[in-house]
Amino acid sequence: INPVTCRQTEFTCNDRTCIHLSKRCDGIANCPDQSDEEPSICVDETCSPLEFTCNDGTCIPHYLKCNSIPECPDDSDESNCEVKTCSPFEISCGDGTCVSKSLQCDGRRDCYDGQDEENCGCRPDQFQCRDNRCIFASQRCDRRPDCRDRSDEENCRYQCTHLEFKCHSGDCIPITQHCDRNYQCPDGSDEVNCYSQPKPTNPPSQVRCDSNQFACHSGNQCVPQYAHCDQNRDCDDASDEYNCAGTSDLLILKTYPPDQIIKEIEQGREVVFQCRDEGPLRANIRWVRGNGQPLPPGSRDLRGRLEIPNIKLEHSGKYICEAVGYPESTPGSRVSVELVVEPFEQSTIRPPKACEYYEATCTNGDCIPKSAVCNDHYDCTDGSDEFRCNRHGCEPNQFRCDNSKCVQKTWRCDSDDDCGDGSDENNCGTSPPGSMCQYNEFACSSGDQCIPKAFHCDTEVDCMDRSDEQGCSKVTIQTPPPPMVKLNPGETFTITCRAVGVPSPEVVWRLNWGHIPEKCTSTSVNGFGTLNCPNIQESDQGAYSCEAINNRGSVFAIPDTILVVKRPDDVCPRGQFNELAKQPQDCISCFCFGVTTECNSANLFTYQLPPPLQSYRIVNVYVSPSGSVEIRPDDSQYQPNVRPLGQGFQILTTNNNLNSYDQTTHSYFALPENHYGNQLKSYGG
């Protein structure tokens, strides 16, 4: 029988079985015969063979001895250390150890302090990130950030598709965003040479109307007298329906707030204006600047919600909310707001005394009560009491550093100082029981090597047995949260989501793509995420999204969880809906194709597109013998008669008025752009 030989890192039990050296004399019998805890070998032994015993009895990892950094409370680990001299073919690490020069700048840390990878350039086939990390050159400008600082996707000149517009900077944006009066290109080139002055037209000729006709306000059109105030737009300018008894204005545009005055205090501050048509037409609206210039860079006009980021002094001025498709002469079609951005002047005068212990010190030296800091009100004259207060300055999948920098949550406790102030490596917990590796390290499968957790699945082999790059996979959702949850006010909202991937994914939650309410708490353990929100109220309703991330990417669970909080005073019984109902007679029966008997109002409006009385054009469609289709402009000067008809409009013409080339050419009416696309947003009810 061949005797069993244990490794150098293992202890041989009396029965010839092998256990790890760190388990000898640890107070727990690990050998089947308990020989690893015999008094004869554990006398006066407090540290394992892989540890160094300080003079005061403290145990530290043996590799920390003589590393030029005292870890023992009595500094005994740095006494009696030999001064090592490295050969000309070696480099000296910070702890005095020597490694081969061939290992310098190879992308792997061979020195414990990583000194062999400092001040290194990248290989010719690699790209160097701004943080000095190296990635493959093929990952540069591939539309996916591979550098942690995203520097590999900066100043790229992408090849744009035929459905994209190429900015002067090389970036690509959807072709529909070219010349839309909003800056999408970083250099603003999508709004260059877009706007020209309209061609001068002759003023409309004035007409005289008969006594049985109504004179439109435009002065060049008459309609029958009975068409006045018949709730149909017969005049091109709709003036036959103005100031009618028993009717309200057709367009009622309202803005919230009407005006804003803010200070240019800090980078990244945002201003939001909202506008909507509260009249019977529910017209579609958009925002423009009063000076005729495009909206400020980065602005977004989301169906009446105007968001202006990074406010600057030059953004001051008038902003106009206008109804799309209605001429400026239409009453109520335009409403303006005023934005005033005041300059921030920092005081250089400091008061002669320091603030009291119950006071906070402003940047300019003023003193305010500590309770006034971060209360959404500027109490310091320089506004510094509200600097960096918003804990939502980072995305839900990011960690907010103590210095207010944002880093990925998957970078927390991975042994890399990504914040720059070390805060992402604080409060990380303790090492797993019985593990030789620290909490921020990855244990290689061999059991005798630990690497920083940031090196796990980073596409570079760091473990000697290559186990750190084995089994790595993107995140997939295994169990999504429920599609809908209905609760009564005051109840607790709890949902879960499970994801799998290597490394183990982190699960985060969003509400309507933003942050979850502050009262909610969430946990993520080995890819299993739990969201718990107590005392649910109607304001907490919305779509809760589960997002799972690891260093291979992120994925959202489908579907979102729709939280509906029932109103205690709901007028409509089960099976009916109408959030505006004041009595049961106002309720509408649900019609959901038999899927459910419960429904609720969607808070959507029916938008009425104005008739294209003056904004249509005629085109000729030519069909060649081969079957190809070609659209040609119509050269005739003929203008057919367009008149409103109930809720729509009617075009009156004859074939004799249009160009007729042959049987392969047909004339069509081309409507304005605001009629294009799918206008249906919801159905049922």
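Residues numbered from 1 in each chain as written. Predicted model: local features only at pLDDT ≥ 70, side-chain atom pairs only at ≥ 80, totals over all residues. Heavy atoms only, no water.

### Quick notes on the overall build of the protein
Now for step 1: What the protein contains, in helices and strands, is one helix and 42 strands.
Now for step 2: The 685 residues of the protein split such that 33% are buried.
Now for step 3: Taking the intrachain contacts of the protein between residues at least 6 apart in sequence as the baseline, contacts between residues at least 24 apart amount to 39%.
Now for step 4: When the accessible surface of the protein is totalled, it reaches about 41700 Å², and 49% of it is carbon and sulfur. (Helix = DSSP H or I, 4+ residues; strand = E, 2+ residues; numbered from the N terminus. Buried < 20%, exposed > 50% of the residue type's maximum accessible area, 1.4 Å probe, protein only. Contact = heavy atoms within 4.5 Å. Areas by Shrake-Rupley, 256 points an atom, 1.4 Å probe, with all protein chains shown as cover.)

### Let's talk about the state of the cysteines
Now for step 1: Applying the stated criterion across every chain, the model contains 15 disulfides.
Now for step 2: Through a disulfide, Cys-437 is tied to Cys-450; the S-S separation comes to 2.0 Å. Note on the Cys-437 and Cys-450 pair: the S-S dihedral is about -85°, so by sign convention the disulfide is left-handed. Highlighted residues: Cys-437 in the loop between β24 (406–408) and β25 (441–443) and Cys-450 in strand β26 (residues 450–452), separated in sequence by 13 residues.
Now for step 3: With relative accessibility at 25%, the residue Cys-450 sits in the partly exposed group. (Disulfide = S-S within 2.5 Å.)

### Considerations on the pairing of strand β18 (residues 305–308)
Each regular strand shows side chains that alternate between the opposite faces of the sheet.
Now for step 1: One ladder, built from four bridges, connects strand β15 (residues 271–277) with β18; its direction is antiparallel. Its bridge partner lying in β18, Val-272 is registered against Glu-307.
Now for step 2: The pairing of strand β17 (residues 300–302) with β18 spans three bridges and is antiparallel. By the bridge assignment for β18, Leu-302 is matched with Arg-305.
Now for step 3: Counting the residues between successive antiparallel strands, the hairpin from β17 to β18 contains two residues, one of them, Arg-303, with a positive phi of roughly 50°. (Pairing = 2+ DSSP bridges.)

### Re the confidence of the model for the protein
Now for step 1: The predicted model of the protein has a mean per-residue pLDDT of 77, with 79% of residues at 70 or higher.
Now for step 2: Taking the mean pLDDT of every element in the protein, the minimum, 63, falls on strand β40 (residues 641–645) and the maximum, 94, on strand β32 (residues 528–533).
Now for step 3: A low-confidence stretch, residues 196–204 (pLDDT under 50), is modelled with one contact involving residues beyond four sequence positions or located in other chains.
Now for step 4: In the model, residues 346–352 has pLDDT below 50 throughout and makes nine contacts with residues more than four positions away in sequence or in other chains. (pLDDT = per-residue confidence, 0-100.)

### Some points on the sheet that holds strand β13 (residues 253–256)
Now for step 1: Pairing within the open sheet is antiparallel, and its four strands lie in the order β13-β15-β18-β17. Among the strands making up the open sheet, the edge pair consists of β13 and β17. The average angle at which neighbouring strand axes cross in this sheet is 20°, direction not considered.
Now for step 2: Note: β13 against β15, four bridges, orientation antiparallel. Bridging from a neighbouring strand, Leu-253 pairs with Asp-277 of β15. (Axes fitted to C-alpha atoms, helices over the stretch in contact; angles between N-to-C directions.)

### A closer look at the side chain of Glu-307
Now for step 1: Looking at the element boundaries, Glu-307 is found in strand β18.
Now for step 2: The exposure class of Glu-307 is buried, given its relative accessible area of 9%.
Now for step 3: For Glu-307, the side chain forms a polar contact with the side chain of Arg-300, separated by 2.8 Å. (Polar contact = N/O pair within 3.5 Å; in protein donor to acceptor, adjacent residues only side chain to side chain.)

### With respect to the pattern of salt bridges
Now for step 1: A complete count under the given rule lists seven salt bridges for this structure.
Now for step 2: Salt-bridge contacts for Arg-334 lead to Glu-322; the nearest nitrogen and oxygen are separated by 2.8 Å. Linking Arg-334 in strand β20 (residues 334–342) with Glu-322 in strand β19 (residues 317–323), this pair joins segments that are twelve residues apart in sequence.
Now for step 3: Taking relative accessible area as the criterion, Arg-334 reaches 32% and is therefore assigned partly exposed. (Salt bridge = Lys/Arg side-chain N within 4 Å of Asp/Glu carboxyl O.)

### Some points on the packing of aromatic side chains
Now for step 1: In the structure shown here, the tally under the stated rule is two aromatic pairs.
Now for step 2: An angle of 35° between the planes, with centres 6.0 Å apart, marks the rings of Phe-273 and Trp-287 as tilted. Taken together, the positions of Phe-273 in strand β15 and Trp-287 in strand β16 (residues 285–289) put the pair 14 residues apart, joining distant regions of the chain.
Now for step 3: Since its relative accessible area comes to 0%, Phe-273 is described here as buried.
Now for step 4: Taking relative accessible area as the criterion, Trp-287 reaches 4% and is therefore assigned buried. (Phe/Tyr/Trp six-rings, centres within 6.5 Å; stacked < 30°, edge-to-face > 60°.)

### Points about the nonpolar core
Now for step 1: Among the nonpolar cores identified, the biggest contains 21 residues, and Phe-493, Ile-495, Trp-509, Leu-531, Ile-536, Tyr-544 and Leu-563 are the most heavily contacted of them.
Now for step 2: Mapped onto this core, the elements with two or more residues apiece are β28 (484–487), β29 (493–502), β30 (506–511), β32, β33 (542–550) and β35 (561–565).
Now for step 3: Of all the elements, β29 adds the most residues to this core, at four residues.
Now for step 4: Residue contacts for Tyr-544: discarding those within four places in its chain leaves Phe-493, Ile-495, Arg-510, Leu-511, Ile-516, Pro-517, Leu-531, Asp-560, Thr-561 and Leu-563.
Now for step 5: Leu-253, Leu-306, Ile-308 and Tyr-319 belong to the second-largest nonpolar core, a separate cluster that totals 15 residues. (Core = buried A, V, L, I, M, F, W, Y, C linked by side-chain atoms within 4.5 Å.)

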